[in-house]
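Survey of secondary and tertiary structure
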Amino acid sequence: MEAYLSLWETYGPRMLETFWTNIQLTFWAAIASVTLGALLALMRISPVTSLRWVGAAYVNIFRNTPLTIIMTFGVLVLFGVFQVQIADDFNLNFFRIAIIGLTVYHAAFFCEAIRSGVNTVPLGQAEAARAIGLSFLPAARLVIFPQALRGSIAPMGNVLIALIKNSTVAMAGSVAEISGTMRTMMEFRPDVGIPIFLTVAAFFVIVVLPVGMLATYLSKKLAVTR
Amino acid sequence: MSGSVLFDAPGPKARRRILILNIIGALGFIALIVWVISVLADYGQLAPEKWTSFTQSSTWQNYLLPGLMNTFKSAAIAIFTSLAFGMIFGMGRLAHNKIINGISSVVVEFFRAVPVLLMMIFFWIFFGRMGIVPQGDAPFVAVVLALTLYNGSVVAELVRSGVHGLPKGQREAGIAIGLTRGQSLRFVEVPQALVAMMPALLGQFVVILKDSALGAIINYNELLFSSRLVGTGNANVFQALLVAAVIFILINFALTSLAQWVSTRVARRRARADATDEGPGEAPGPPQTMGTTATV
């Protein structure tokens, strides 16, 4: 117990600080990847063949690439080879490159989540909207998208949870975040290895479980009864 | 594109507009490709000597193929162990016994909420330091164990939702012919749930394969790790990572396509079954298969 408390004294602030980095990574990457994912989903459901093709190619490429490769790519290639500088500060630069990496990867999944939401809307809804005289945009705005959005809450919640957990992979992108802190702690204090793991894991459980419950609650509460 | 929710069959005007957008989209895409190629050329990344190491058999024999084998090794073992883990804890969550049910629920929920990388780092250092496994084997054991705990928990949830998706009559029939709850689960319900689970299960194998690349962070000598060695050794990191990514993409794309194919097969089988025996008390609902989209 004493050993565990001394652990908090030494590493407590750093744990909280680096976990806050994970939350920030998640926050920015979530905003960016939902935006990019929505754009890709629009491309994939549009009647324009070339856009549909590009959207499908994007999703198939990035959905099947390990995130670790994308993160390594950010550090060794974007920064190492092409000297990409999107911040003057060294650490901030890696932080932003990691956000790009997380965004590129998760946008493919958000795209599919949104698209699966659109697929939950029965064809009859669109036909009914047209039958009462709505043209394309009003039909999309008033009938299709409200239902599609509700249908995509649950899958989008799943992607968001994955994003929270995947923010740890930013370790491969040279970002000082919680899994790097855990590694240091484990190496210096292997005597309290299990408590260290349980403590860091608890951070994630505390964040992930409420997000999951909220997504389930919302998707049930807002579900379209058919 | 038949039966799109959003779009009617286009008339002459709309068709012209679509054609114009089509051309703009294609041109934009081509412009992007040209830009990428010109940037690569500017940085000398298209020079032949950057690529020649991948035409030498020694690169493949000494680095990439052993790396790929290690990726397959960890992924294949993790697939089997997580199936076993998932079956046990999935049935545990379906059990009526409060204690078994409670323990299974806590285990499954915990390992689904914890990042795989954290588990890998923990097992790697913990096993290595405690001498539970030889130092050299610690990364491999950590990769397999972490993949098993996470993906096994996901499989457990698949088993549970697969059984919940079955018609109630299946369990009632099992009980009626004198099976216990556990026997009915094992011999009647889970085998049927497995069929509906198949697409989602294949999707989960893609996740296992992708996540095995996390092993590179804990020095497990898999494909990403070995291609990084090739890249730093020959000053062609970009090309090396590209080759590794292409290998992963090809394998995973094949698995994803297989999952989609199985998914349509299962859906058709269900539809046929629904059409032929519309027995009383069993509503012919839409085919219940689990999608393949939401596997991150």
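Please read these numbers as outputs of a predicted model, since none were measured by experiment.

1. What to know about the overall build of chain A
Looking only at helices and strands, chain A features 9 helices and 0 strands. Listed by position from the N terminus, the elements making up chain A come as α-α-α-α-α-α-α-α-α. Projected onto the principal axes, the alpha-carbon positions of chain A cover approximately 70 × 45 × 25 Å. Out of the 226 residues in chain A, the part that is buried amounts to 53%. Taking contacts inside chain A between residues at least 6 apart in sequence as the whole, the part at least 24 apart equals 76%. Total accessible area computed for chain A in this model is approximately 10300 Å², and 69% of it derives from carbon and sulfur atoms. Charge separation in chain A, taken as the distance between the mean sites of 15 positive and 10 negative side-chain charges, equals 21 Å.

2. A short note on a positive patch on the surface
Positive charge collects at one region of the surface, where Arg265, Arg268, Arg269 and Arg272 of chain B lie side by side. Note on placement: arginine 265 of chain B falls in helix H10 (residues 237–276).

3. Structural notes on the UniProt feature "transmembrane region" (unreviewed entry) in chain B
Residue and element names in this part refer to chain B. Under the local residue numbering, the UniProt record ascribes the feature "transmembrane region" (unreviewed entry) to residues 20–41, 75–94, 106–127, 139–159, 193–218 and 238–262. With 100% helix and 0% strand, residues 20–41 has end C-alpha atoms that lie 31 Å from one another. Secondary structure across residues 75–94 comprises 100% helix and 0% strand; the distance between its end C-alpha atoms is 27 Å.

4. A short note on the nonpolar core
In terms of nonpolar packing, the biggest core is built from 111 residues, with Leu25, Met71, Met182 and Phe197 of chain A together with Met119 and Met120 of chain B touching the most fellow members. Ranked by residue count, the leading element in this core is helix H4 (residues 90–119) of chain A, at 14 residues. Apart from the residues within four sequence positions on either side, methionine 71 of chain A is in contact with Ala98, Gly101, Leu102, Val169, Ala170, Ala172 and Gly173 of chain A.

5. Considerations on the side chain of lysine 210 of chain B
Structurally, lysine 210 of chain B is set in helix H8 (residues 181–211). Buried and without a salt bridge, lysine 210 of chain B has aspartate 211 of chain B as its closest oppositely charged side chain, separated by 6.4 Å. Reaching out from lysine 210 of chain B, the side chain makes a polar contact with the side chain of tyrosine 105 of chain A at a distance of 2.8 Å.

6. Looking at the interface of chain B and chain A
On the side of chain A, 64 residues touch chain B, which itself brings 55 residues to the contact. Roughly 5400 Å² is buried in total at the junction of chain B and chain A, and carbon and sulfur atoms are behind 77% of that figure. At the surface where chain B touches chain A, the tally comes to 8 residue pairs in polar contact (both at pLDDT 80 or more). Contributing elements (two or more residues each) for the side of chain B that touches chain A: helix H1 (12–42), helix H4 (98–113), helix H5 (116–130), H8, helix H9 (223–234) and H10 of chain B. Top element by residues in the side of chain B that touches chain A is H10 of chain B. It accounts for 11 residues. Residue classes in the side of chain B that touches chain A are distributed as 39 nonpolar, 10 polar and 6 charged.

7. What about the UniProt feature "domain: ABC transmembrane type-1" (unreviewed entry) in chain A?
The sites that carry the UniProt feature "domain: ABC transmembrane type-1" (unreviewed entry) are, in the present numbering, residues 19–215 of chain A. In this annotation, residues 19–215 of chain A is assigned 80% helix and 0% strand; the end-to-end C-alpha distance for the span is 22 Å.

8. Some points on a nonpolar patch on the surface
Residues and elements named next belong to chain B. Together, Ile33, Ile37, Leu46, Trp51, Leu242, Val246 and Leu250 make up an exposed nonpolar region whose accessible area comes to about 580 Å². Among the secondary structure elements, those contributing two or more residues to the nonpolar patch are H1 and H10. Counting residues per element, the nonpolar patch draws most heavily on H10, which supplies 3 residues. Of the residues examined, leucine 242 reaches a relative accessible area of 33% and is grouped as partly exposed.

9. Some remarks on the UniProt feature "domain: ABC transmembrane type-1" (unreviewed entry) in chain B
Under the UniProt annotation, "domain: ABC transmembrane type-1" (unreviewed entry) lies at residues 68–259 of chain B. For the annotated span residues 68–259 of chain B, helix accounts for 83% and strand for 0% of the residues, and the straight-line distance between the end C-alpha atoms is 22 Å.

10. Focus: the packing of aromatic side chains
For any pair of aromatic rings, the description consists of the separation of the ring centres together with the inter-plane angle of the planes. Counted under the stated rule, the structure contains 21 aromatic pairs over all chains. Look at phenylalanine 197 of chain A and phenylalanine 122 of chain B: their rings are 4.5 Å apart centre to centre, the planes differ by 20°, and that puts the pair in the stacked class. Separated into two different chains, phenylalanine 197 of chain A in helix H9 (residues 193–221) and phenylalanine 122 of chain B in helix H5 make up a pair that spans both. For the pair phenylalanine 126 of chain B and phenylalanine 127 of chain B, a centre-to-centre distance of 6.2 Å together with 45° between the ring planes defines the contact as tilted. In this pair, the class of phenylalanine 126 of chain B matches that of phenylalanine 127 of chain B, namely buried. Here a set of aromatic residues connected by ring pairs shows up, and it is made of Phe197 of chain A together with Phe110, Phe111, Phe122, Phe123, Phe126 and Phe127 of chain B. Between the NZ or CZ atom of lysine 73 of chain B and the centre of the ring of phenylalanine 140 of chain B, over which it lies, the distance is 4.7 Å.

11. Considering the UniProt feature "transmembrane region" (unreviewed entry) in chain A
Residues annotated in UniProt with the feature "transmembrane region" (unreviewed entry) correspond here to residues 25–45, 66–86, 92–111 and 192–218 of chain A. As a span, residues 92–111 of chain A carries 100% helix and 0% strand, and end to end its C-alpha atoms are 28 Å apart.

12. Notes on unusual backbone geometry
Peptide bonds are trans in most cases, and residues, glycine excluded, mostly fall at negative phi. All names here are of chain A. Even without a glycine there, the phi angle at glutamine 83 is positive, about 50°. Assignment of secondary structure puts glutamine 83 in the loop between helix H3 (67–79) and H4. Using a relative accessible area of 52% as the deciding quantity, one classes glutamine 83 as exposed. At serine 174, a residue that is not glycine, the phi angle is positive and equals roughly 60°. Its relative accessible area of 40% is what places serine 174 among the partly exposed residues.

13. Comments concerning the pattern of salt bridges
Residues and elements named next belong to chain A. Counting across every chain of the model gives 10 salt bridges over all chains. Glutamate 187 is paired through a salt bridge with arginine 183; the nearest N and O atoms lie 3.3 Å apart. In this pair, glutamate 187 and arginine 183 are both assigned in helix H8 (residues 178–188), 4 residues apart and thus about one turn of the helix distant. Exposure remark for arginine 183: the relative accessible area of 27% places this residue in the partly exposed category.

Here is what the cut-offs are and how they apply
Residues numbered from 1 in each chain as written. Chains lettered and ligands numbered in written order. Predicted model: local features only at pLDDT ≥ 70, side-chain atom pairs only at ≥ 80, totals over all residues. Heavy atoms only, no water. Helix = DSSP H or I, 4+ residues; strand = E, 2+ residues; numbered from the N terminus. Buried < 20%, exposed > 50% of the residue type's maximum accessible area, 1.4 Å probe, protein only. Contact = heavy atoms within 4.5 Å. Areas by Shrake-Rupley, 256 points an atom, 1.4 Å probe, with all protein chains shown as cover. Lys, Arg positive; Asp, Glu negative; His and termini not counted. Charge placed at Lys NZ, Arg CZ, Asp CG, Glu CD. Patch = residues over 30% accessible without salt bridge, like charges linked within 9 Å, V, L, I, M, F, W, Y side chains within 5 Å. Salt bridge = Lys/Arg side-chain N within 4 Å of Asp/Glu carboxyl O. UniProt positions renumbered as here; feature names shortened; annotations may be inferred. Core = buried A, V, L, I, M, F, W, Y, C linked by side-chain atoms within 4.5 Å. Polar contact = N/O pair within 3.5 Å; in protein donor to acceptor, adjacent residues only side chain to side chain. Buried area = accessible area lost by both parts, 1.4 Å probe. Nonpolar A, V, L, I, M, F, W, Y, C, P; charged D, E, K, R; others polar. Phe/Tyr/Trp six-rings, centres within 6.5 Å; stacked < 30°, edge-to-face > 60°. Lys NZ or Arg CZ within 6 Å of the ring centre and 35° of its normal.

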